[in-house]
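Read off the chains here:
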Amino acid sequence: MTQPKSWKEWEKPLIELDEALAKLRERSVTATEEERHKIDETIKASEQRRDKYIEKKYANLTPWEKVLVARAEPRPYTLDYINALFTNFIELQGDRLFGQDHAIVGGPAALDGQPVMVLGHQKGRNIQERQMRNFAMSKPEGYRKAIRLFQMADRFSMPIITLVDTPAADPGVESESRGISEAIADSMLAMFEVKVPIVSVVIGEGGSGGAIGIGIGNTVLMQEHSVYSVIPPEGCAAILWRDASLGPEASAALRLTAQHALEMSLIDGIIPEPFGGAHRDPIEAATLLKEAVQKALKPLLKQKPDALKAARYSRYRALGKIG
Amino acid sequence: MRLGVRRREQRFQDAFLQCASCRKTLFRREFDQGMMVCPNCGHHHRLNAKTRIEYTFDEGSFVEEDTDIQSVDTLSFPDYQSKLDQAISKTGQPDGIVSGMAKLEENPVAVAVSDFGFMGGSMGSLAGEKITRTLERAADKKIPAIVFCASGGARMQEGLLSLMQMAKTTAAVERCRSVGAPFIAVFTDPTMAGVLASYASVADVILSEPRALIGFAGTRVSKQAQVVKIPDDFQTAEWVLRHGFIDRIVPRREMRDTLSDLCRLLGGRK
Ligand SMILES: [Zn+2]
């Protein structure tokens, strides 16, 4: 059986069911009393069919299916969550060195009145926005802006919240010439230096160095259907088996799901997603995310600045499996 | 008669070799005396960790540490164990990193040397641990740390565990900074991806051997991602130096002196 290549292809039957349901609901509005009764019964039956379908499909997602869901176009992105979780978000732009990178957005905001610095990779919703945001593949400017915001948060004792959602850092010649490696490393270093709490959440694709560049935290969480990988599965397949189409096999080998990351104690918890994934109910997804962030932040806010920094060191010092 | 030919061939191979870059036939003795740098084209041939240590530090001063740990195939990743076994028997080392204490003109330094011959010098849990211990030893003793890098990047056979080594080793650099222990990185051919995008790039001083390949993405990836013309020397030490991301290119025969001068000057907070 050939594996689907995209979320759209994989969830096609469900998308069609949703479309048929939407049409039925439309008809129900203009129908006569008698017709409406019939249509409403069809709707109810279709809804049941749909829910059964989702239940079956999402009960046991394979690692590759998780990759597809994590990449799903209608999945909530960083700005969707920022708008839902926080008030008074003010985007701050530019690295003060070279330029403004739209692949990472960030700035101060309030989480139930508590000032925080929030920052994350941002994907685009349409072709123009995708291009503007470079598919959430940040260039050095993005990481250097992040450093600026991390250091500002430290100065003003603001907890930091980062949302990770990138396929990778930008691999182009331009990025190489402005030191993408140094920018990523320096951003991680800045996250180890600050003495404020950091909560980091993978909300979609945790793509290797590009992800961990802003993914250091006192507490690191992943959404239920997000993935976190050292290399894109297609790239891994190309190296291992000289065949990029073997992404599904590579996904299994890499163990890139949130569930695997938790099993290996590389993350601190999994945030549940609504029935059928975050994209089926973005409001519920945001509520669950907010609860998890608040829960993670609460004990950290009681810790002393030096203790927070030391705890972050210990957390990462312990990661690795050796014999 | 056939045996005689073979013996003659063997003798020829013992006495001569071909430069990996310019293909010129070289006298092995001259080549070895020149620290495996081609006298014709200046190509710096890759060194294994043991030879690198011999060339760089005070004679007999190196004491290896961290020999009690080894790599494990935590993910049961396809072919990982057999690749590990092969690399171990090929190099006679349990991993691509050899770490320990050495002296440079009598002064103690914490040292880690990467060997590209061991699975492309890739950084998994063991390499990450050895780099971290090296930096911690420097921080604890307030002495310089010197790391010779040679790596294709993270070790994908350890999945997310290997990505986390980027964070762990970078945290260890922060530890050196906070106590004032100098960290000097030397990039050798190649220094790429996960290693470059972590501890290596945030060293206090970065030296490189001439013409070493240094970059984030494989050249093929960068070329695919961009339509602009790629400069001929893209991702070489010379190109990276021009763009401001390393301090100096140092030929192999000058490396020891440069390192000991730097260690003496930066010293370490006492
Ligand atoms: Zn040559």
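Residues numbered from 1 in each chain as written. Chains lettered and ligands numbered in written order. Predicted model: local features only at pLDDT ≥ 70, side-chain atom pairs only at ≥ 80, totals over all residues. Heavy atoms only, no water.

**Student:** Describe the overall build of chain B, listing the residues and the values that go with them.
**Tutor:** A tally of helices and strands in chain B yields 10 helices and 10 strands. Here the C-alpha radius of gyration of chain B, 19 Å, is about what a compact globule of 270 residues would show, namely 18 Å. By principal-axis analysis of the C-alpha atoms, chain B measures approximately 65 × 45 × 45 Å. In chain B, which comprises 270 residues, the share counted as buried stands at 56%. Put simply, 68% of the contacts in chain B that link residues at least 6 apart link residues at least 24 apart. Roughly 12200 Å² of accessible area belongs to chain B as shown, and the carbon and sulfur atoms make up 49% of that amount. One way to put it: in chain B the 36 positive side-chain charges average out to a point 5 Å from where the 33 negative ones average out. (Helix = DSSP H or I, 4+ residues; strand = E, 2+ residues; numbered from the N terminus. Rg over C-alpha atoms; globule rule 2.2 N^0.38 Å. Buried < 20%, exposed > 50% of the residue type's maximum accessible area, 1.4 Å probe, protein only. Contact = heavy atoms within 4.5 Å. Areas by Shrake-Rupley, 256 points an atom, 1.4 Å probe, with all protein chains shown as cover. Lys, Arg positive; Asp, Glu negative; His and termini not counted. Charge placed at Lys NZ, Arg CZ, Asp CG, Glu CD.)

**Student:** Account for the coordination of the zinc ion, naming residues and giving values.
**Tutor:** Residues and elements named next belong to chain B. Protein-derived coordination of the zinc ion comes from Cys-19 (SG), Cys-22 (SG), Cys-38 (SG) and Cys-41 (SG), at a distance range of 2.2 to 2.4 Å. In this structure, the zinc ion is surrounded by 4 donor atoms whose angles at the metal cover 105 to 113°, and the resulting shape is tetrahedral. Between consecutive donor residues of the zinc ion, the sequence gaps follow C-x2-C-x15-C-x2-C. Residue classification places Cys-38 among the buried residues on the basis of a relative accessible area of 2%. (Donors = N, O, S within 2.8 Å, 3.2 Å for Na, K, Ca; no water. Tetrahedral: all angles 85-135°; square planar, octahedral: opposite > 155°, others 65-115°.)

**Student:** Summarise the interface of chain B and chain A; cite the residues concerned and give the values.
**Tutor:** Taken together, the contacts link 53 residues of chain B with 48 residues of chain A. A combined buried area of about 4400 Å² lies between chain B and chain A, and 73% of that area is made up of carbon and sulfur atoms. When residues of chain B are sorted by the area they lose upon contact with chain A, Met-156, Leu-160 and Phe-216 of chain B head the list and together hold 16% of the total. At the junction of chain B and chain A, the tally comes to 3 salt bridges. The salt bridge involving Glu-136 of chain B is made with Arg-317 of chain A; its shortest N-O contact spans 2.7 Å. Taken together, chain B and chain A are joined by 12 residue pairs in polar contact (both at pLDDT 80 or more). Elements with a minimum of two residues in the side of chain B that touches chain A: helix 5 (125-141), helix 6 (159-179) and helix 8 (219-225) of chain B. (Buried area = accessible area lost by both parts, 1.4 Å probe. Salt bridge = Lys/Arg side-chain N within 4 Å of Asp/Glu carboxyl O. Polar contact = N/O pair within 3.5 Å; in protein donor to acceptor, adjacent residues only side chain to side chain.)

**Student:** Residue-level account of the pattern of salt bridges, with values.
**Tutor:** All names here are of chain A. Inspection of the entire model under this criterion finds 38 salt bridges over all chains. We note a salt bridge from Arg-71 to Glu-234, for which the minimum N-O separation is 2.9 Å. Here the residue Arg-71 occupies a position in the loop between helix 4 (63-70) and helix 5 (78-85), and Glu-234 occupies one in helix 11 (residues 233-241), the gap between them amounting to 163 residues. Given the relative accessible area of 27%, Arg-71 is considered partly exposed. Residue Glu-234 is classed as partly exposed on the basis of its relative accessible area, which comes to 24%.

**Student:** Pulling in residues and values, what's your account of the environment of Glu-34 of chain A?
**Tutor:** Positionally, Glu-34 of chain A belongs in helix 3 (residues 33-59). On a C-alpha basis, the gap between Glu-34 of chain A and Thr-166 of chain A in space is 51 Å, while along the polypeptide they are 132 residues apart.

**Student:** Explain the environment of Val-202 of chain A to me, and be specific about the residues and the numbers.
**Tutor:** Residues and elements named next belong to chain A. Tracing the backbone through its elements, the reader meets Val-202 in strand 4 (residues 198-207). When the C-alpha atoms of Val-202 and Pro-248 are compared, they prove to be 21 Å apart, with 46 residues separating the residues in sequence. Contacts of Val-202, omitting those with residues within four sequence positions, involve Val-164, Leu-221, Met-222, Gln-223, Ser-226, Val-227 and Tyr-228.

**Student:** Mind laying out the packing of aromatic side chains, listing which residues take part and the relevant values?
**Tutor:** Within the structure shown, the criterion is met by 6 aromatic pairs over all chains. Ring geometry for Phe-192 of chain A and Tyr-316 of chain A: centres 5.3 Å apart, planes at 90°, overall edge-to-face. Here Phe-192 of chain A, found in helix 9 (residues 180-193), pairs with Tyr-316 of chain A, found in helix 15 (residues 305-317); they are 124 residues apart in sequence, far enough to count as distant. Each member of the pair, Phe-192 of chain A as well as Tyr-316 of chain A, is classed as buried. With a centroid separation of 6.5 Å and 90° between ring planes, the pair formed by Phe-57 of chain B and Phe-148 of chain B is classed as edge-to-face. Here Phe-57 of chain B, found in the loop between helix 3 (49-56) and strand 3 (63-65), pairs with Phe-148 of chain B, found in strand 6 (residues 145-151); they are 91 residues apart in sequence, far enough to count as distant. Taking NZ or CZ as reference, Arg-125 of chain A lies 3.9 Å from the ring centre of Tyr-77 of chain A, over its face. In this structure, Arg-46 of chain B is placed above the aromatic ring of Phe-116 of chain B, and the distance from its NZ or CZ to the ring centre is 4.1 Å. (Phe/Tyr/Trp six-rings, centres within 6.5 Å; stacked < 30°, edge-to-face > 60°. Lys NZ or Arg CZ within 6 Å of the ring centre and 35° of its normal.)

**Student:** I'd like to hear about the confidence of the model for chain B, residue by residue, with values.
**Tutor:** For chain B, the average pLDDT comes to 92, and 93% of its residues sit at 70 or higher. Reported for the predicted complex are a pTM of 0.94 and an ipTM of 0.94. (pLDDT = per-residue confidence, 0-100.)

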